[in-house]
Every structure is written in C-alpha cells, then in structure tokens.
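# An overview of the molecular structure
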Amino acid sequence: MKHLLYIGNKLSDHGYTSTSIETLGMFLENVGFHVYYASSKRNKIVRMFEMIFKTLKYARKVDYVLIDTYSTKNFWYAFSISQLCRLLRLKYIPKLHGGNLPNRINRSKFFSDFIFKNAHINVAPSNYLYEAFYKKGYTNLIYIPNTIEVNLYTQSIKKYDAPRLLWVRSFAEIYNPIMAIKVFIRVKQLFPNAKICMVGPIKDKSYSKTLRFVKNNNIEVLFTGKLSKEEWIELSKEYNIFINTTHFDNTPISVIEAMALGLPIISTNVGGIPYLLDHNTNALLINDNDAEDMTNQIIRLMKEPKLAKKLAENGKELIKDFDWDIVKNQWIELLI
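One structure accompanies this document, and this report is about it. Note that the structure is predicted; figures quoted are calculated from it, not measured.

Cut-off values and rules
- Residues numbered from 1 in each chain as written.
- Predicted model: local features only at pLDDT ≥ 70, side-chain atom pairs only at ≥ 80, totals over all residues.
- Heavy atoms only, no water.
- Helix = DSSP H or I, 4+ residues; strand = E, 2+ residues; numbered from the N terminus.
- Rg over C-alpha atoms; globule rule 2.2 N^0.38 Å.
- Buried < 20%, exposed > 50% of the residue type's maximum accessible area, 1.4 Å probe, protein only.
- Contact = heavy atoms within 4.5 Å.
- Lys, Arg positive; Asp, Glu negative; His and termini not counted.
- Charge placed at Lys NZ, Arg CZ, Asp CG, Glu CD.
- Phe/Tyr/Trp six-rings, centres within 6.5 Å; stacked < 30°, edge-to-face > 60°.
- Lys NZ or Arg CZ within 6 Å of the ring centre and 35° of its normal.
- Core = buried A, V, L, I, M, F, W, Y, C linked by side-chain atoms within 4.5 Å.
- Salt bridge = Lys/Arg side-chain N within 4 Å of Asp/Glu carboxyl O.
- Polar contact = N/O pair within 3.5 Å; in protein donor to acceptor, adjacent residues only side chain to side chain.

When helices and strands are counted, the chain shows 14 helices and 12 strands. Taken over the C-alpha trace, the chain has a radius of gyration of 20 Å; the compact-globule value for 336 residues is 20 Å, and the two agree within 12%. Along the first, second and third principal axes, the C-alpha set of the chain runs to 65 × 40 × 35 Å. Counting all 336 residues of the chain, 55% fall into the buried class. Taking as baseline every contact in the chain between residues at least 6 positions apart, the subset at least 24 positions apart corresponds to 74%. Of the charged side chains in the chain, 45 are positive and 31 negative, and the gap between their average positions amounts to 6 Å.

Our focus in this paragraph is the packing of aromatic side chains. Counted under the stated rule, the structure contains 17 aromatic pairs. Relative to Tyr 138, the ring of Phe 116 has its centre 5.5 Å away and its plane inclined at 65°; by these criteria the two rings are edge-to-face. Separated by 22 residues along the polypeptide, Phe 116 in helix H5 (residues 109-116) and Tyr 138 in the loop between helix H6 (127-135) and strand S6 (141-143) bring together distant segments of the chain. Owing to a relative accessible area of 0%, Phe 116 belongs among the buried residues under this scheme. Each member of the aromatic cluster is reached from another via a ring pair, and the members are Phe 75, Trp 76, Phe 79, Phe 110, Phe 111 and Phe 114. When the ring centre of Tyr 37 is taken as reference, the NZ or CZ atom of Lys 10 above it lies at 5.0 Å. Across the ring face of Tyr 175, the terminal group of Arg 169 is positioned such that the distance to the ring centre comes to 4.0 Å.

With that settled, consider the nonpolar core. Ile 243 and Ile 298 are the most contacted members of the largest nonpolar core, which has 34 residues in total. Contributions of two or more residues to this core are made by strand S7 (164-168), helix H7 (177-190), strand S8 (195-199), strand S10 (241-244), strand S12 (284-286), helix H12 (291-303) and helix H13 (305-318). Sort the elements by how many residues they give to this core and H7 lands first, with seven residues. Leave out the neighbours within four places in its chain, and Ile 298 touches Pro 163, Leu 165, Val 183, Val 187, Ile 241, Ile 243 and Ile 266. Core analysis: the next-biggest nonpolar cluster, separate from the first, contains 31 residues, Tyr 92, Leu 101, Phe 116 and Tyr 138 among them.

Let's shift gears to the pattern of salt bridges. Under the criterion given, the structure shown has 10 salt bridges. Among the salt bridges present, the one from Lys 135 reaches Glu 131, with a minimum N-O distance of 3.2 Å. One end of the pair is Lys 135 and the other is Glu 131, both in helix H6 and four residues apart, which spans about a single turn. Relative accessible area serves as the criterion here: at 67%, Lys 135 is assigned to the exposed category. With its nearest N and O atoms 2.4 Å apart, the salt bridge here joins Glu 257 to Lys 229. Of this pair, Glu 257 sits in helix H10 (residues 253-260) while Lys 229 sits in helix H9 (residues 229-235), placing them 28 residues apart in sequence. Of the residues examined, Lys 229 reaches a relative accessible area of 31% and is grouped as partly exposed.

For the rest of this paragraph, the subject is the environment of Glu 149. Mapped onto the elements of the fold, Glu 149 is located in the loop between S6 and S7. Taking relative accessible area as the criterion, Glu 149 reaches 29% and is therefore assigned partly exposed. Put simply, Glu 149 and Lys 320 are 171 residues apart on the chain and 9.5 Å apart in space, counted from C-alpha to C-alpha. Among all residues touching Glu 149, those that are not within four sequence positions of it are Phe 27, Asp 323 and Trp 324.

Let's shift gears to the side chain of Asp 68. Structurally, Asp 68 is set in strand S3 (residues 64-69). With no salt bridge to any partner, buried Asp 68 finds its closest opposite charge in Lys 95, at an N-O distance of 5.1 Å. Within polar-contact distance, the side chain of Asp 68 engages the side chain of Tyr 6 at 2.8 Å. In contact with Asp 68, other than residues within four places in its own chain, are Tyr 6, Ile 7, Gly 8, Ser 20, Ile 21, Lys 95 and His 97.

Following this line, the structure appears as structure tokens:
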C-alpha cells in the first residue's frame with residue numbers, strides 16, 4: 001500500500017466548498033492508498049505551520065506528497081512545502097488549480113521554477129493548464145482531469161417555459177457573482193416568472209456587494225449558502241439553465257457537475273473554459289462580463305428548446321471522460 005501526504009485547504013468543516021484535497025483524497029483512499037492530510041486549520045498561519053509539521057512528521061512514511069497549487073496567497077504554501085520536500089528528498093507532485101495560475105508564473109517566475117521544475121511531476125487537470133505550463137518550459141507534466149462520480153448525478157426533465165437560472169460557486173470577486181444578478185434583472189423584464197438561485201459559501205466582499213445590488217433593484221433571489229453535494233443536486237431539479245459568470249477559470253467542477261445533471265450551460269469564455277466547452281455544441285459561450293450577451297443566450301434557449309436539449313445531451317456525453325471509474329486508472333498508474 002502506498003502512503004501519501006496531501007497538502008491543501010481542507011476547510012469544508014468551516015463552511016467552505018470542498019476542494020480537491022477532500023474529493024480526490026477520498027477517492028484515493030477508496031482505491032487503497034493511505035492518505036495523511038494537512039491542513040484543516042482555519043487560520044492561514046496556523047495552517048502553514050501544520051503543513052510544515054506534518055511534512056516533517058510523515059517524511060519517512062510517505063511515498064509522495066501531493067500539493068494543491070493555486071495562484072493566490074496559497075501559492076506560497078506550495079512553494080514552502082515543495083522546497084521542504086526537496087530538503088527531505090521527498091517526491092512531491094503539484095496538482096495545478098485555477099485559471100489564473102499562468103499569470104502567477106509570469107509574476108513569480110523565479111519561485112515558480114523552484115516549485116515546478118523540481119517536481120516529480122506536475123498534474124494539470126485541463127489541457128489549458130497543460131499547454132500553458134508547457135509553453136513556460138515545464139515539461140515534467142501529465143494531464144489528469146478533475147473527476148466526479150457520474151452515477152450520483154440524476155437528471156430531471158427540463159421545461160423551457162421561463163428561465164430558472166442556477167449559479168453555483170463561492171462568492172468571490174474572481175467568479176463575478178454580481179454579473180448573475182445583472183443578467184437576471186434583464187431576464188426578469190422579459191420573463192416575469194423567471195427565477196434565480198445562487199449556491200455557495202461567502203469568500204470575500206462580493207457577497208455583500210451582490211446582496212446590496214439585489215436590494216437596491218428590489219428583486220427576489222434565492223441565496224442558499226453552502227449546500228452539500230446531495231442538497232444542490234436535489235435543488236437543481238427545479239432549474240433549467242446553469243450560468244457561469246467567472247472572470248478566470250480552469251476546469252470548474254461545478255460546470256462538470258451541471259452537465260452531469262443535464263443542465264444546458266451558458267458560460268464566460270475565459271481561461272480553460274474554451275478547452276472544456278464548445279460554443280453551440282455542448283454550451284453557449286460569451287465574452288467576460290458581457291451581461292447583455294448572456295441574457296441574449298438565455299432568451300435563445302427559451303426560443304429554441306431543441307437547442308437546450310442538444311446542449312444538455314452533448315454535455316452529458318462529454319463528462320463521461322471525467323468519471324472516477326476512468327480517471328482513477330491514471331492516478332493509480334502515476335502513484336504505484
């Protein structure tokens with residue numbers, strides 16, 4: 001049995017969305033790996049110290065250290081732990097996250113080289129990140145997609161009598177939640193029975209800004225906060241369009257899940273999105289922050305229900321390649 005130390009933000013118990021450390025970690029345990037974790041501490045400094053402590057503690061017990069690697073402040077977790085792994089002669093594997101990670105390389109090339117060039121291998125969950133990293137000179141790369149258990153996502157029959165919009169992300173500036181409300185205001189003028197639901201935990205001030213915008217415009221929006229996977233899968237049955245308003249993205253699990261649920265997708269065409277979705281084939285794509293065009297695409301689906309059905313069917317077909325029963329073989333081959 002192989003032993004792994006997984007470094008990342010294991011914060012779902014504190015009200016945050018589950019990240020790869022929890023989902024992939026559980027999947028790896030289920031196929032026989034013994035996984036240690038760091039860290040579930042809410043305070044960033046305390047979390048950093050626990051990551052260092054557990055790397056030292058398990059250095060002689062683990063075969064690999066998996067490191068969730070982001071473009072924001074958490075980038076420095078990856079830098080610190082990767083360099084500690086080098087000192088301890090531990091094989092470490094950065095798992096790349098976030099559509100803005102290539103920009104982080106541009107801003108921090110010196111530190112990025114220390115992380116990525118010395119890694120055992122870098123795991124890119126999208127062709128977008130694979131291509132971006134390869135162009136930056138990092139050739140120790142492998143593509144392993146993000147994964148879900150497809151059989152958990154049951155579909156419901158969708159009617160396109162009025163737009164019922166579903167938005168599922170953390171409330172963070174990078175995901176541009178206020179755009180969803182701007183779209184809904186336009187849609188509501190044309191379809192008085194339209195509804196919108198926004199699902200996700202609060203990450204920054206974008207939530208209060210969105211809430212204030214809703215109140216100022218006197219519209220009704222359902223904010224659920226963070227939901228479990230089972231809860232939002234059940235909730236999705238009441239909605240007929242999934243909208244993704246992000247400024248930056250990689251291969252968002254929420255979009256993959258929405259396709260698994262049979263929802264037609266309308267998304268901004270940013271980062272890794274065009275590597276995942278094809279306009280008019282399995283989704284409708286618009287420019288970043290273009291509320292007018294997203295509104296137009298929603299109207300289009302109301303007028304063309306056959307198109308909505310086609311997008312949903314093609315999306316369902318696409319995500320078969322993201323099923324854990326397929327993806328697990330790539331992880332096993334890498335880690336055994």
